[in-house]
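The chain contents come next:
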Amino acid sequence: MGGLRSLKMMLRPLIVAAGMLAAAAAPPAPATPATRGAQRAQERGCLQCHSPGNLASPGWESGADSLVANEAEVQEWILRGMPRRIAALPAPSRPVWPQPMPAYDGRLGPGEVEDLQAWFKALSGFDTSISDPPFEGRALASKLGCFGCHGPSGMGTAATPAWDGALFAERVRDEAELREWLLEGKTKRSGPTRMPGFAKDLSDDQVGLLVAYVQWLRRPATAAEPPKPPAPASLDPMGLTGPITSKISPSPEGRGSYRSPTQLVVSRDGATAYVVDQTGDRVAILDLARRKLVADISVGSRPTHAALSPDGRTLYVSCQFDNRVDVIDLRTRKVVRALETGWEPQGVALTADGKRLFVTNYLADSVSIIDVEGKAPRHDVKVARGPRFVALSADGRRAVVSNGLGRSVSILDQRTGEAIEHRSIRGSSILRDVVISKDGRWAFVAHVLARDEFTPFQMERGWIASNGFSILDLDKPGHRVTLLLDQVLAGASNPYGLALSADGKTLFVSISGTHELALVDVAGAIALAKETPEELVERRAQDVEILQKRGIARRFPAGGYGPRGIAVRGSELLVAQYFEEAIGVFDARTGAKKASIPLEPKKELTPWRRGELYFTDAPSITFQGWFSCVSCHEEDGGSDGLNWDLPNDGTGNPKNVKSLHDAYDTPPSMWTGVRRDLDAATAAGARFQGFLPKPGIHEGLVAYLSDPPRAPNPWRKAIAPERLERGKAAYSRARCDVCHPGPTFSDLKKHDLGLGAKVDLVNRFDTPSLRETYRTGPYLHDGRAPTLESIFRDHDAQGLHGLWKRLSQEEFADLMAYLRSL
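The structure displayed is predicted, hence computed values, not measured ones.

## Let's talk about the overall build of the protein chain
- Helix and strand counts for the protein chain stand at 23 helices and 33 strands.
- By the burial criterion, 57% of the 822 residues in the protein chain qualify as buried.
- For the protein chain, the share of sequence-separated contacts (at least 6 apart) that also reach a separation of at least 24 residues comes to 57%.
- For the protein chain, the accessible area works out to roughly 34200 Å², and carbon and sulfur atoms hold 54% of it.

What follows is the structure in structure tokens.
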């Protein structure tokens, strides 16, 4: 009943020891409900089952688990032997013990139920009404050993007064005296009586937590009630408390219909461009001489990249949400077949002979190598997390893959498809496009440089995030030099697309967060990389002046919002402008804009579309444009998978970046719940990024995050229906549904599962939604669990995270499959 494992202390030795102390040191302390409940539990034989080492019945000492949802259920366990909620479960999901719990309804005297409940709450620390400060005060009291003398949760002993008892009021008249006891171990009027003083060990804040806990214990008692619908409240250092103002109601109609060019390729004769329209599920065909759209070809869901065959007759388009590459016959302008890939294909590249296609699979963390003629089976090779782009060297030797969330690139043998090296780019994040020099020796990869090893107090000069590209000498394993496109007073947020000029002398970079383009002198950049010794690589990655000072790179406006993919056409540069619904045409030598080719007439932006734009728009929300929301959450509002030490809950306690996909209906926000809801979190985020919230921007961001762009879950089709049913039954049997009930799969509360580390300032954390767990690793508040399985097997030795230990290996595997399907 209500604990998670066997008791760590028996009541009998506690009472005996307390009695000895009482005889030697002090008159007996008055009985309290908790101490009376302890005696009644002995008399009723409760300890025969709920005792140390008895695994047949749950213990009470570690807090209420999934068997007790609220205080009313504590009474139901005592009176009925099982709460109605659990008794109503189907047999496979209902807890079973060798000896059933007896029902005591009608067998207990006046006040016994209340006393037993008080003892259970004291021993287990279970109370659904406790707020953060007293909760943390109780955890601190436990660490200090206070309960060794004062009894579990300060319930008192025969020699020591209970913290919520009458005798306590005689010895502690007010808060000032309580603080004297804590700091000095005595008070001015306490005489010889004393206890350990903690003046040298506790900060003022910690003393405040202990005081808050004692005051909470002494609050007027209230009757146990079933939980009410959650109305989260939180400590908000930004002063954003108060009633919720946003009316969040996701609506697909609110998104609007837009063309969103994300990448493009140009025909060998330079006459035609093929534009991937990501949100329109189309490929647009442009006549470049007439600067005009001439045709559209419908393809699969969320097309992302395209590759053109050497003969110019076939276009290969990755369709991320359909897990395939569509093959388009450009003579008939129709999709003629589809090539199956791994999950969520993105980057595509063809070998020089046009016979093999390399495809990065973002969700599968792999690259598929496909014989386009179907003469050989598909070959998949594992890379690091979230591969996004791939480039093939012209000499046929190497393929280079940028791992979007892997902080690395993978180098493959282009002929065999096997991995040669997974090369770390230390500090990198949100890796995007990659290109290889004409001679096949140098690779360039665009990325953010995340300063996640620091507490993000100062954003100037890129000390939260900086932006640029890394140069890799492919002939030297491990080599990389990172160069920043940022300038002293102007960040270059979220570099995205790369392209090399026909002569290989200029590298073009689209900077999607600040809506710019950059021209980089390749010879100068390579010379700088060559002259940078290993011991100066990290310092070079902090230099926001060197490219500008040496004249190696220059930036200029992209003439529209959201530049992404780039293609070179002779002396012209073509840029996919995601939010302009157009392709920009620029002079490749000067950067001057020459023309814009619309995919359709530009429309007014809905609030949702404005929010999508603002999510990527560094200058609108960030001081000097150093980073945007995308810098930590990718373009779709997900997560970079890193731990950041944001000061919203103190410093020195990094937390893993949460996906924002569930923020709109699972308040409060942040791991420690310091933001009451999405509205407050969005406003606080804007302040953190350098400006006070702006009404139009704020409303747009809330609209966007209230209807997040979710990918379809491929696990739902990959797992047999009967296995999902077994996994769902295991989910109930392990009582996961108590803290993670549908439809949000979160109870919107905070819990202590014994996961707090020494650096954490709090011990309980917000219950995350289980939706999209298949793509939101690493897991737990500090990202310590790389897989779902490791949450339990590596980080829950005490079995605090539900009743998963009662499952067989087969049931546990089914449970993991079910979790991945949510």
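## Here we look at the side chain of Asp587
- Inspection of the secondary structure assignment puts Asp587 in strand E28 (residues 582–587).
- Of note is the side chain of Asp587, whose polar atom sits 2.7 Å from the backbone nitrogen of Arg589.
- Beyond its immediate stretch of four places on either side in the chain, Asp587 contacts Ser571, Ala592 and Lys594.

## Observations regarding the pattern of salt bridges
- This model, assessed by the stated rule, comprises 55 salt bridges.
- The salt bridge involving Glu634 is made with Arg432; its shortest N-O contact spans 3.1 Å. Of this pair, Glu634 sits in the loop between helix H16 (630–633) and strand E30 (643–644) while Arg432 is found in the loop between strand E17 (428–429) and strand E18 (434–436), placing the two residues 202 residues apart along the sequence. Of the two residues examined, Glu634 and Arg432, each falls in the buried class.
- Shared partners join several salt bridges into a network, and the residues in it are Asp662, Asp665, Arg710, Arg771 and Glu772.

## Observations regarding the nonpolar core
- Counting 27 residues, the largest nonpolar core has Phe444, Phe469, Leu485, Leu507, Val520 and Leu547 as the members making the most contacts within it.
- Looking at this core, the elements with two or more residues in it are strand E19 (442–450), strand E20 (465–473), strand E21 (481–484), strand E22 (495–500), strand E23 (506–511), strand E24 (516–521), helix H11 (522–531) and helix H13 (546–549).
- The element contributing the most residues to this core is H11, with 5 residues.
- Those residues in contact with Val520 that sit more than four places away from it in its chain are Phe469, Leu485, Lys505, Thr506, Leu507, Val509, Ala525, Ile552 and Ala553.

## Regarding the sheet that holds E23
- Strand order across the open sheet formed by 4 strands is E22-E23-E24-E25, with antiparallel pairing between neighbours. Edge positions in the open sheet fall to E22 and strand E25 (553–557), since each of these has one partner strand only. Neighbouring strand axes in the sheet, compared pairwise and without regard to direction, differ in orientation by 20 degrees on average.
- When E23 meets E24, the two strands line up antiparallel, connected through 6 bridges. Its bridge partner lying in E24, Leu507 is registered against Val520.
- Contacting E22, E23 and E24, H11 crosses the sheet at an angle of about 70 degrees to E24.

## Concerning the pairing of strand E16 (residues 419–424)
- Sheet topology places strand E15 (residues 408–413) next to E16; 5 bridges connect them, and they run antiparallel. The partner of Leu412 across the bridge, within E16, is Ala419.
- Hairpin connection of E15 to E16: 5 residues between the antiparallel strands, including Gly417 at a positive phi of 80 degrees.

## Things to note about the packing of aromatic side chains
- Applying the stated rule across the entire model yields 12 aromatic pairs.
- Taking 5.0 Å as the distance between ring centres and 75 degrees as the angle between the ring planes, the aromatic pair formed by Trp343 and Trp715 counts as edge-to-face. One end of the pair, Trp343, is in the loop between strand E8 (334–340) and strand E9 (345–350); the other, Trp715, is in helix H19 (residues 715–718), with 372 residues separating them in the sequence.
- By relative accessible area, Trp343 is classed as partly exposed at 24%.
- By relative accessible area, Trp715 is classed as partly exposed at 25%.
- Each member of the aromatic cluster is reached from another via a ring pair, and the members are Trp608, Phe615 and Tyr704.
- Lying over the aromatic face of Tyr578, Arg564 brings its terminal NZ or CZ to 3.8 Å of the ring centre.

## As for the state of the cysteines
- Summed over all chains, the structure comprises 0 disulfides.
- Summary of cysteine pairing: Cys736 is not part of a disulfide, and the nearest cysteine sulfur, belonging to Cys739, is at 9.0 Å.
- Here Cys736 falls in the buried class, since its relative accessible area comes to 13%.
- On the basis of relative accessible area, Cys739 is assigned to the partly exposed category, the value being 24%.

## Quick notes on the sheet that holds E15
- One open sheet accounts for 4 strands, arranged E13-E14-E15-E16; its pairing is antiparallel. Of all the strands in the sheet, just strand E13 (387–392) and E16 have a single pairing partner and so form its edges. Neighbour-to-neighbour, the strand axes of the sheet open up by a mean angle of 20 degrees, direction not taken into account.
- Sheet topology places strand E14 (residues 398–403) next to E15; 6 bridges connect them, and they run antiparallel.

## Considerations on the layout of surface pockets
- By volume, the second largest pocket is sized at about 1400 Å³.
- If you trace the second largest pocket, you find 44 residues lining it, with Val265, Val266, Leu392, Val435 and Lys438 closest to the centre.
- Every element with two or more residues in the lining of the second largest pocket is listed here: strand E1 (261–266), strand E5 (303–308), E9, E13, E18, E22 and strand E26 (563–569).
- For the lining of the second largest pocket, a count of residues per class yields 27 nonpolar, 13 polar and 4 charged.

## Comments concerning unusual backbone geometry
- The residue after Pro667, namely Pro668, is reached through a cis peptide bond having omega -5 degrees.
- The omega angle of the peptide bond from Gly742 to Pro743 is 0 degrees, so this bond is cis rather than trans.
- Within the element layout of this structure, Pro743 appears in the loop between helix H21 (736–739) and strand E32 (750–751).
- Non-glycine residue Arg407 carries a positive phi angle of around 55 degrees.

## Quick word on the pairing of E28
- The element E28 is largely enclosed, with a buried count of 6 among its 6 residues.
- Neither face of E28 is open: one carries Ala582, Gly584 and Phe586, the other Ile583, Val585 and Asp587, and all of them are buried.
- Strand direction decides the pairing type here: strand E27 (residues 572–577) and E28, joined by 6 bridges, are antiparallel. Bridge pairing links Leu573 to Phe586 in E28.
- Connecting the antiparallel pair E27 and E28 is a turn made up of 4 residues, with Glu581 showing a positive phi of about 55 degrees.
- In this sheet, strand E29 (residues 593–598) lies alongside E28 in antiparallel orientation, the contact comprising 5 bridges. When the sheet's bridge partners are listed, Ile583 is paired in E29 with Ile597.
- In textbook terms, the turn of a hairpin is the stretch between consecutive antiparallel strands, and for E28 and E29 this stretch comprises 5 residues, one of which, Gly591, has a positive phi near 85 degrees.

## Considering the packing of helix H20 (residues 721–733) against helix H23 (residues 809–821)
- Where H20 contacts H23, the axes come no closer than 7 Å and their chain directions differ by 100 degrees. Here H20 is positioned roughly perpendicular relative to H23, judged by the angle of their axes. For the pair formed by H20 and H23, the contact residues are Arg723, Leu724, Arg726, Gly727, Lys728, Ala730, Tyr731 and Arg733 on the first element and Glu811, Ala813, Asp814, Leu815, Ala817, Tyr818, Leu819 and Ser821 on the second.
- Classifying every residue of the contact of H20 with H23 by side-chain character gives 8 nonpolar, 2 polar and 6 charged.

The rules behind the values
Sequence order as written defines the numbering, with residues in each chain counted from 1. Since the coordinates come from a predicted model, pLDDT governs what is reported: local features require at least 70, and pairs of side-chain atoms require 80 or more to be given and counted, while whole-chain, interface and lining totals use all residues. Note: side-chain values were computed over all heavy atoms of the structure, leaving out hydrogens and water. Helical segments are the DSSP runs of H or I of at least four residues, strand segments are the runs of E of at least two, and each set is numbered from the N terminus. Partly exposed describes any residue whose relative accessible area lies between the buried limit of under 20% and the exposed limit of over 50%, with all areas from a 1.4 Å probe on protein chains only and scaled to the type maximum. Only heavy atoms enter the contact rule, under which two residues are in contact if any of them lie within 4.5 Å. Shrake-Rupley sampling with a 1.4 Å probe provides the accessible areas, and residues are treated as covered by the protein chains on show and by no other component. Here a polar contact means two N or O atoms within 3.5 Å. Within protein one must be a hydrogen donor candidate and the other an acceptor candidate, and residues neighboring in sequence count only if both atoms are side-chain atoms. Here a salt bridge means any side-chain nitrogen of Lys or Arg lying within 4 Å of a carboxyl oxygen belonging to Asp or Glu. Take the buried residues of types Ala, Val, Leu, Ile, Met, Phe, Trp, Tyr and Cys, join any two whose side-chain atoms come within 4.5 Å, and each joined set is a nonpolar core. Note on pairing: two strands pair once DSSP finds at least 2 bridges between them. Helix axes are fitted only over the stretch in contact, all axes being lines through C-alpha atoms; the angle between N-to-C directions runs from 0 to 180 degrees. For this analysis, a ring pair means two rings from Phe, Tyr or Trp (six-membered ring only for Trp) whose centres lie within 6.5 Å, classed as stacked if their planes differ by under 30 degrees, edge-to-face if by over 60, and tilted for the remaining angles. Ring-over charges, as used throughout, are those where CZ of Arg or NZ of Lys falls within 6 Å of the ring centre and within 35 degrees of the ring normal. By definition, disulfides here are pairs of cysteine sulfur atoms that lie within 2.5 Å. For each structure, a 1 Å grid was placed over the protein atoms alone; sets of points admitting a 1.4 Å probe that cannot get out are labelled cavities, open sets with protein on both sides within 12 Å along at least five of seven lines are labelled pockets, and lining residues have an atom within 4 Å of a point. Grid points are joined across faces, edges and corners, and a volume is the space filled by probe spheres set on the points. Amino acids are sorted into nonpolar (Ala, Val, Leu, Ile, Met, Phe, Trp, Tyr, Cys and Pro), charged (Asp, Glu, Lys and Arg) and polar (every other residue, Gly among them). Small angles under 35 degrees read as roughly parallel and large ones over 145 as roughly antiparallel, with 65 to 115 read as roughly perpendicular and the rest as oblique.

Limitation: the analysis is restricted to geometry and does not speak to function.
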